[in-house]
Amino acid sequence: MSNPALADVPGPLLVRSAPIDDPGALLSLLPQDDAFAWVHNGDGLVGWGRAAEVHTSGKGRFAEAEQWWRDLAQHAVVRDEVGTPGSGLVAFGSFTFSDDTEGSALVVPEIVVGRRDGVTWVTLIGLGITATPPLVPSSAPREPSGATFSDGAVDSAEWQQMVAEAVSRIVRDDLDKVVLARELVATLDEPLDVRAPLARLAEQYPSCWTFHVDGFFGSTPEMLVRLERGLVTSRVLAGTIRRTGDDTRDLALAGSLARSSKDLEEHEYAVRSVADALAPHCTNMFVPETPFVLHLPNVMHLATDVTGVMRNGAGALTLAASLHPSAAVGGTPTAEAVRLIGQVERLDRGRYAGPVGWIDARGDGEWGIGLRSAQIEDDGRTVRLFAGCGIVADSVPADELAESEAKLIPVRDALRPRT
Ligand SMILES: C=C(O[C@@H]1C=C(C(=O)O)C=C[C@H]1O)C(=O)O
């Protein structure tokens, strides 16, 4: 067998999707173990159990996963009475930022519940015919307790020096932009029940995509690529300002963000990198000339929605692979920026800033960038939170540190007990 991962699945998967009555909040259905999530404004997909999975690594991690997925989909026996993106056979996935770390995976759950445009459905996946289990809210998740936060390997003073170093390298080596990240380590009293922070994130950041795949969770505002029925969309973010909590002041800040030449320049690099990567796959591309300001509870971003029409039959995962790493998380030019990250950052990004999302058997799917995110370590009590900032020639280290703190707020708050 050329693909050893496929050998783990002893026969063709039987897949059945059917509409159901609305069972309430998708996240409330999740059991504690082997739970997968991708929700946005109440819609999305949740899943649990493991019907099939593949783990890949290295430069070929996307292509290998895509090949496995095609083989699996080709051999599956599917009865899909819903016929919408995300119904039928579906996998959740998460990929590492770097070519050099382990941890990329696609996982097909045994049960998936989806909601989209007012239609809710369940998909059962397995090796035999099974009855639909009762879809009722599971017991309330255990709230996290006792979280204390400390710096990772690099403290905040060192990180600012790192930013200064990156600024001088940008000037010296003629780079345009490099994204530098830092981590914060949370330690909890007992192992984290991830459903608690997921519920909080989905509640507080409904316009973001709240996700969980194998211990990597968060709520990202950035859609690397969505492919649905031939329409390709990408939401590019770059250029950030912290919110103050005072609406009038925030409105004035939004205006200054939209006029800031530093932020507009940083944004332009990110939009270009996405438009260039999508161009070979798309016709009728639309790249707006001016960004809009995306308001989130903790920060505001310059944002651009790039759209196009798929022209070569590539699936969503192939598109994600050709976009990763965009300038929003790598830099410009990409290869030099990624090299500089490797030289100065002193952080194993793991799956932070990598693509996270889902794919269906038609190749439709949504892949967000794994930002505003955290990784639960094997002990269950240690959680690594990540945040990064785009550094350009006139970046100021203290401002970037403050920006990274603001980006850590969503997950940090979600690890505190509810007040
Ligand atoms: C890298 C992150 O965010 C990215 C960097 C941004 C910036 O530098 O302005 C804005 C949004 C994201 O594209 C992060 O949240 O960790």
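Residues numbered from 1 in each chain as written. Predicted model: local features only at pLDDT ≥ 70, side-chain atom pairs only at ≥ 80, totals over all residues. Heavy atoms only, no water.

Right, let's talk about the overall build of the chain for a bit. When its secondary structure is counted, the chain shows nine helices and 23 strands. Whereas a compact globule of 419 residues would reach a radius of gyration of roughly 22 Å, the chain reaches 21 Å, a difference of no more than 12%. Dimensions along the principal axes, computed over C-alpha positions, put the chain at roughly 60 × 50 × 45 Å. The 419 residues of the chain split such that 57% are buried. Taking contacts inside the chain between residues at least 6 apart in sequence as the whole, the part at least 24 apart equals 74%. A total accessible area of about 16,500 Å² is found for the chain, and carbon and sulfur atoms account for 51% of it. (Helix = DSSP H or I, 4+ residues; strand = E, 2+ residues; numbered from the N terminus. Rg over C-alpha atoms; globule rule 2.2 N^0.38 Å. Buried < 20%, exposed > 50% of the residue type's maximum accessible area, 1.4 Å probe, protein only. Contact = heavy atoms within 4.5 Å. Areas by Shrake-Rupley, 256 points an atom, 1.4 Å probe, with all protein chains shown as cover.)

All right, on to helix α8 (residues 334–344) then. Helical geometry: 3.6 residues make up each α-helical turn, so side chains three or four residues apart lie on a common side. Of all the positions in α8, only Ala337, Leu340, Ile341 and Val344 are classed as buried. End-on, the buried residues of α8 take up no more than an arc of 105°, which puts them together on one face. At the exit of α8 stands Arg346, carrying a positive phi of roughly 55°. (Arc of directions from axis to C-beta.)

Further remarks concern the UniProt feature "domain: Chorismate-utilising enzyme C-terminal" (unreviewed entry) in the chain. Annotation from UniProt places "domain: Chorismate-utilising enzyme C-terminal" (unreviewed entry) at residues 156–407. Across residues 156–407, helical content stands at 35% and strand content at 35%; the span's end C-alpha atoms are separated by 14 Å. (UniProt positions renumbered as here; feature names shortened; annotations may be inferred.)

Lining the immediate surroundings of the ligand are 18 residues, of which Glu222, Thr240, Tyr352, Arg372 and Gly388 lie closest. One of the side-chain N or O atoms of Glu266 is found 3.1 Å from an oxygen atom in the ligand. At a separation of 2.6 Å, an oxygen atom of the ligand approaches a polar side-chain atom of Tyr352. Out of a free accessible area of 400 Å², the ligand has 100% covered by protein chains. When residues of the shell around the ligand are traced back to their parent elements, those giving at least two are β15 (231–242), β23 (382–391) and α9 (397–414). Here the residues of the shell around the ligand are counted per class, giving eight nonpolar, five polar and five charged. (Near = heavy atom within 4 Å. Polar contact = N/O pair within 3.5 Å; in protein donor to acceptor, adjacent residues only side chain to side chain. Nonpolar A, V, L, I, M, F, W, Y, C, P; charged D, E, K, R; others polar.)

Chain-level statistics for the chain give a pLDDT mean of 94 and a share of 98% at 70 or above. This stretch, residues 1–7, has a pLDDT under 50; its non-local contacts, to residues over four places away or in other chains, come to ten contacts. Both scores are available for the predicted complex, with the pTM at 0.96 and the ipTM at 0.98. (pLDDT = per-residue confidence, 0-100.)

Overall, the coordinates contain 37 salt bridges when judged by the stated rule. Of the charged contacts, one joins Arg172 and Asp173 as a salt bridge, the two residues approaching to 2.8 Å between their closest N and O atoms. Taking relative accessible area as the criterion, Arg172 reaches 61% and is therefore assigned exposed. Its relative accessible area of 35% is what places Asp173 among the partly exposed residues. A salt bridge links Arg412 to Glu405, with the shortest nitrogen-to-oxygen separation between them at 3.6 Å. Sharing partners across several salt bridges, the network here consists of Lys177, Lys262, Asp263, Glu266 and Glu400. (Salt bridge = Lys/Arg side-chain N within 4 Å of Asp/Glu carboxyl O.)

Take helix α7 (residues 316–323) next. Among all positions of α7, only Ala316, Leu317, Leu319, Ala320 and Leu323 are buried. For α7, the angular spread of the buried residues around the axis is 155°, confining them to a single face.

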